[in-house]
Every structure is written in structure tokens, then in C-alpha cells.
Amino acid sequence: MTIRATNQADVIPLRPLPAAADPAPPALPPEPLWRDLVGEVLRRERRAQGRTLKDVSEASRISMAYLSEVERGRKEASSEVLAAAARALGLSLADVLALAGERLVSLTAARTRSRTRSRSLGTVGGQPPARTAGPSGPRGGVLLAA
């Protein structure tokens, strides 16, 4: 066995791939990432207070570049960083996480409505499309409730 062969890893997909004979599943909006949601909350709260990135950066002792990346969802911030940013905005970490959770629930509901709508539009000959997975849907999504 060569070094090249030993350095190759087996890749196991997280979601089952559709069978070759199955039509492509309808396009759904991408599933939201937690870092995007938290970043949106921080940016929205900062702007609502009329504060600059520099101001919040100095108050939280987080570099302006890093805080910007957190707000844009480019960095997965630690709980300590999120707590510092929240405090600088006059919020608690729980407030930031609750606001992000509310946004996640609303986006998940929109994805569920989109999935339901695309299934009803995807009927062939009056028959609904065949399901290829368990009760969580063809793409393995998870339904969250508040």
C-alpha cells in the first residue's frame, strides 16, 4: 500500500444520497447555521443601538476584525466571546441565544412550509412524490418547536 493510499479517508455522507432513478429532490432554502443566527442578532442589536463596530469591540475587548467576522457568521465564537459581546451591548448571553433561537424556529418553520409546498407542487399524475426517508422527511431535517 502506498503512502498516498493510506492518506485517503473514507467519506460517509451525513444524509443519504438519492437513488440514481429518483428525481432530484426539490431545492430547499439552505439550513441555517447557528453562527449565522448569532451573528445576525449581534449585528442587529448593535445597529439598533446606533453603535459602531469599533465601539462594541472596545467595550467587549474583542478585536474589531474578529467581532466583524462573528457578526458575518464567518467565525464560530466561544461562549466567552459571545458573553463579552452581549455584555457590551447591554444584553445577557441568554438574551442573545434566545433571540437566535427564535430566529431559528421561524426559519425552520419557513423551511417546513417550503418543503410542504414543493411536495404538493411536485405531484405526478395526481400522486404525491414517493418518500425516500423516514418521518423527518426526505432530507433528514429536524423540526424544532418553541
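Summarised in this report is the structure supplied together with it. If you're wondering where the values come from, they're calculated on a predicted model, not measured in any experiment. (Residues numbered from 1 in each chain as written. Predicted model: local features only at pLDDT ≥ 70, side-chain atom pairs only at ≥ 80, totals over all residues. Heavy atoms only, no water.)

This part covers the overall build of the protein chain. Scanning the protein chain from N- to C-terminus turns up six helices and zero strands. Going from the N terminus to the C terminus, the protein chain shows its helices and strands as α-α-α-α-α-α. Of all 146 residues assigned to the protein chain, the portion counted as buried reaches 26%. Across the protein chain, contacts joining residues at least 24 apart in sequence account for 64% of those joining residues at least 6 apart. (Helix = DSSP H or I, 4+ residues; strand = E, 2+ residues; numbered from the N terminus. Buried < 20%, exposed > 50% of the residue type's maximum accessible area, 1.4 Å probe, protein only. Contact = heavy atoms within 4.5 Å.)

Where helix α3 (residues 53-60) contacts helix α4 (residues 64-71), the two axes come as close as 9 Å, and the packing angle between them is 110 degrees. With respect to α4, the element α3 is oriented roughly perpendicular. Judged by the twist between their axes, the crossing of α3 over α4 is right-handed. Contact residues: Leu-53, Lys-54, Val-56 and Ser-57 in α3; Met-64, Leu-67, Ser-68 and Glu-71 in α4. Split into classes, the residues belonging to the contact of α3 with α4 amount to four nonpolar, two polar and two charged. (Axes fitted to C-alpha atoms, helices over the stretch in contact; angles between N-to-C directions. Parallel < 35°, antiparallel > 145°, perpendicular 65-115°, else oblique. Left-handed = near helix turned anticlockwise from the far one by under 90°. Nonpolar A, V, L, I, M, F, W, Y, C, P; charged D, E, K, R; others polar.)

One non-glycine residue, Arg-61, lies in positive phi territory at about 60 degrees. Tracing the backbone through its elements, the reader meets Arg-61 in the loop between α3 and α4. With a relative accessible area of 79%, Arg-61 lands in the exposed category.

This brings us to the pattern of salt bridges. Within this structure, the stated rule accounts for five salt bridges. With its nearest N and O atoms 3.8 Å apart, the salt bridge here joins Arg-35 to Glu-76. You can see Arg-35 sitting in helix α2 (residues 34-48) and its partner Glu-76 sitting in the loop between α4 and α5 (79-88), a full 41 residues away along the chain. On the accessibility criterion, Arg-35 (30% relative accessible area) is partly exposed. In this structure, the salt-bridge partner of Asp-55 is Arg-51, at a minimum N-O distance of 2.6 Å. Arg-51 gets classed as buried once you look at its relative accessible area, which sits at 19%. Salt bridges here are not isolated pairs; linked through shared partners, they connect Arg-43, Arg-46 and Glu-71. (Salt bridge = Lys/Arg side-chain N within 4 Å of Asp/Glu carboxyl O.)

A word on α5. Considered for burial, the residues of α5 that qualify are Leu-82, Ala-83, Ala-84, Ala-85, Ala-86 and Ala-88. Phi for Gly-90, located one or two positions after α5, is positive at around 80 degrees.

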